[in-house]
Amino acid sequence: MRRNKDEFHDGAQDGLMALEPLNLNNIEGFDDLLTAMGHTAFGGRNLGEAAEVLDAMVSDPDCLIVSTFSGAMTVAKMGLLICEMIDRGWLQIIISTGALMAHGLIEAVGQVHYKHDPNRSDEELYRLGYNRVYDTLEMEANLDYAEGVFTQVLEGMDKERVLSSEIICAELGKHLAEHTDQSGILRNAYLKGVPVYVPAFTDSELGLDVANWMIGRAIKQGKSVEEALTSIQLNFNPFQDLGSYGKRILHAKKLGIFTIGGGVPRNWAQQVGPFFDILQNRLNITLPFVRFHYGVRICPEPAHWGGLSGCTYKEGISWGKFVPPAEGGRFAEVLCDATIAWPILLKAVMQRIDNRR
C-alpha cells in the first residue's frame, strides 16, 4: 500500500531525539566530546551512549560492578586503565584471562614490551626469544623473570591449603604490594580488596608457571618426567572460585558488568543468573533473582560471527542474565577496538564525575 502524506508524522511530536551536528568548536574535553557524539550516529553514538550507561553504573551506590577482560590488553599497555578503575572504586570484581594477568604481572615487575619491526620474520623472532602479539613483542626473558617472582610466591604459600585462582592472584598482589610501589592490576586489586578470578587458569603463563613449579619439585623428589607431569603438589579447586563469586553476588542489591572483549571471562561472569536459577529449580532452595541491571561492552566482534562469548545483552535477557530495558535495564555495546574506544570512554566519564564533584 502506498503511504499517504497526510498521515506523515513529525519526529518531535512522536518524542524522538533530534540529532545534532558535531561541532568541535564547542568541545573542551572528553566529556563534552562524548556528550556531543551521543547526539550523532553509528559508532560515535554508541560510544556516547556507553558514557551515559557507565556514568550511571559507577554512580549508583547500590550497584556491585563486575568487570571482565580478555584480549592482549596489558601487552597493548591498557593495564593502567584497569588500575584507574580499581582505584576509583569502579570495579568490585575482576574476571580475566590468565594471559592478560600474566603480561600485567610482567609490566608490574618493571619489564618492558616492544614495538614489532615487521621487517623481522616470525622465524627470526622465535630464534631471538621474541614472542609476537600482533604488532607488539613479549620477550621470553620477561616470562622467565616473572616466573622467578611467581616461584617466590609459591614457595611461601601454605602447601596444604586448597587454592583457587582468586587466592593465587591475591598472593601475587600481596607480594607486589610489599615489594613495589608501581601500579599494577594485581597489586592495586589486592590493596583495594578486589578479588581477581581467572576461570581458565591453566590456559595461561600463570598456569604453566604453577605446572613448572610442581613438575620441578616432583623431579627433585626422584620421580620420572612421566610421573612428574601428573604429580600434584598443590591442591587447586576451580569450584572454589565459582562459589566465592556466587557468595559475592548473593548479597548484591544491584549488578553491573563492564566488559572488554569476550572469551571465558565474560561468559563465566554472566552465567551467574542461570546458575542461581538452576540451583533454585533443581535443589528447591530459595535464592535471589539475579540479573545484571547495567552493562557496557567494548568489543569489535558482531553477533553474526557466532563467537560473541556470552551473546548480546538483548539475547542474554532470554537466559535470565540481564534486566530488560522495559524494567529499567541499561546497556551499551560498542563494536570497536578497545584500545581506541576504552581510553576515550574512561577519560570522558572521569571528567564528567570529577566536574560534578
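Thresholds, definitions, all that
Residues numbered from 1 in each chain as written. Predicted model: local features only at pLDDT ≥ 70, side-chain atom pairs only at ≥ 80, totals over all residues. Heavy atoms only, no water. Helix = DSSP H or I, 4+ residues; strand = E, 2+ residues; numbered from the N terminus. Contact = heavy atoms within 4.5 Å. Lys, Arg positive; Asp, Glu negative; His and termini not counted. Charge placed at Lys NZ, Arg CZ, Asp CG, Glu CD. Buried < 20%, exposed > 50% of the residue type's maximum accessible area, 1.4 Å probe, protein only. Pairing = 2+ DSSP bridges. Axes fitted to C-alpha atoms, helices over the stretch in contact; angles between N-to-C directions. Parallel < 35°, antiparallel > 145°, perpendicular 65-115°, else oblique. Nonpolar A, V, L, I, M, F, W, Y, C, P; charged D, E, K, R; others polar. Polar contact = N/O pair within 3.5 Å; in protein donor to acceptor, adjacent residues only side chain to side chain. Salt bridge = Lys/Arg side-chain N within 4 Å of Asp/Glu carboxyl O.

Draft legend 1. The arrangement of the overall build of the chain in detail. Within the chain, the secondary structure is distributed over 15 helices and eleven strands. With the principal axes as the frame, the chain shows a C-alpha extent of 90 × 60 × 50 Å. Pairs at least 24 residues apart make up 72% of the contacts formed inside the chain by residues separated by at least 6 positions. Taking the average location of the 33 positive side-chain charges in the chain and that of its 45 negative ones, the two points are 4 Å from each other.

Draft legend 2. Region of the structure containing the pairing of strand β9 (residues 254-260). Summarising burial for β9: six of the seven residues are buried, a large majority. In the sheet, strand β1 (residues 63-69) pairs with β9 via seven bridges, with the strands oriented parallel. Across the sheet, the residue bridging to Phe69 is Ile260, located in β9.

Draft legend 3. Representation of the sheet that holds β9 within the structure. Ordered by their spatial adjacency, six strands build an open sheet running β7-β2-β1-β9-β10-β11, and the pairing between neighbours is parallel. Only two strands of the sheet have a single partner each, and these edge strands are β7 (196-197) and β11 (330-334). Pairing between strand β2 (residues 93-96) and β7: two bridges, direction parallel. Within the sheet, the bridge partner assigned to Ile94 lies in β7 and is Val196. Along the sheet, helix α4 (residues 98-108) makes contact with β1, β2 and β7, crossing β2 at roughly 105°. Docked against the sheet, helix α15 (residues 338-356) engages β1, β9, β10 (292-298) and β11, running at close to 130° with respect to β10.

Draft legend 4. The packing of helix α11 (residues 239-250) against helix α13 (residues 272-283), seen in detail. For the pair α11 and α13, interaxial distance at closest approach is 11 Å and the crossing angle is 90°. Comparing the axis directions of α11 and α13 gives the class roughly perpendicular. Every residue of α13 that contacts α11 at Leu242, Tyr245, Gly246, Ile249 and Leu250 is listed here: Val272, Phe275 and Phe276. Residues belonging to the contact of α11 with α13 are distributed by class as follows: seven nonpolar, one polar and no charged.

Draft legend 5. Summary view of the environment of Gln233. Within the element layout of this structure, Gln233 appears in the loop between α10 (225-229) and β8 (235-236). Taking the relative accessible area as the measure of exposure, Gln233 reaches 14% and is therefore buried. C-alpha separation for the pair Gln233 and Trp213, spaced 20 residues apart in sequence, amounts to 8.6 Å. Within the local environment of Gln233, its side chain forms a polar contact with the side chain of Gln221, the two groups lying 3.5 Å apart.

Draft legend 6. Representation of unusual backbone geometry within the structure. Despite not being glycine, Tyr134 has its phi angle at roughly 60°, a positive value. Mapped onto the secondary structure, Tyr134 falls in the loop between β4 (130-133) and β5 (136-139). For Tyr134, a relative accessible area of 67% corresponds to the exposed category. The phi angle at Asn284 is positive, at roughly 55°, despite the residue not being glycine.

Draft legend 7. Spotlight on the pattern of salt bridges. Within this structure, the stated rule accounts for 13 salt bridges. A salt bridge links Asp60 to Lys254, with the nearest nitrogen and oxygen atoms 2.9 Å apart. With Asp60 in the loop between α2 (42-59) and β1 and Lys254 in strand β9, this pair connects stretches of sequence that are 194 residues apart. Judged by relative accessible area, which is 13%, Asp60 ranks as buried. Residue Glu84 is joined to Arg88 by a salt bridge in which the shortest nitrogen-to-oxygen separation is 2.7 Å. For Glu84, a relative accessible area of 28% puts it in the partly exposed group. Through salt bridges that share partners, Glu84, Arg88 and Asp354 make up one connected network.

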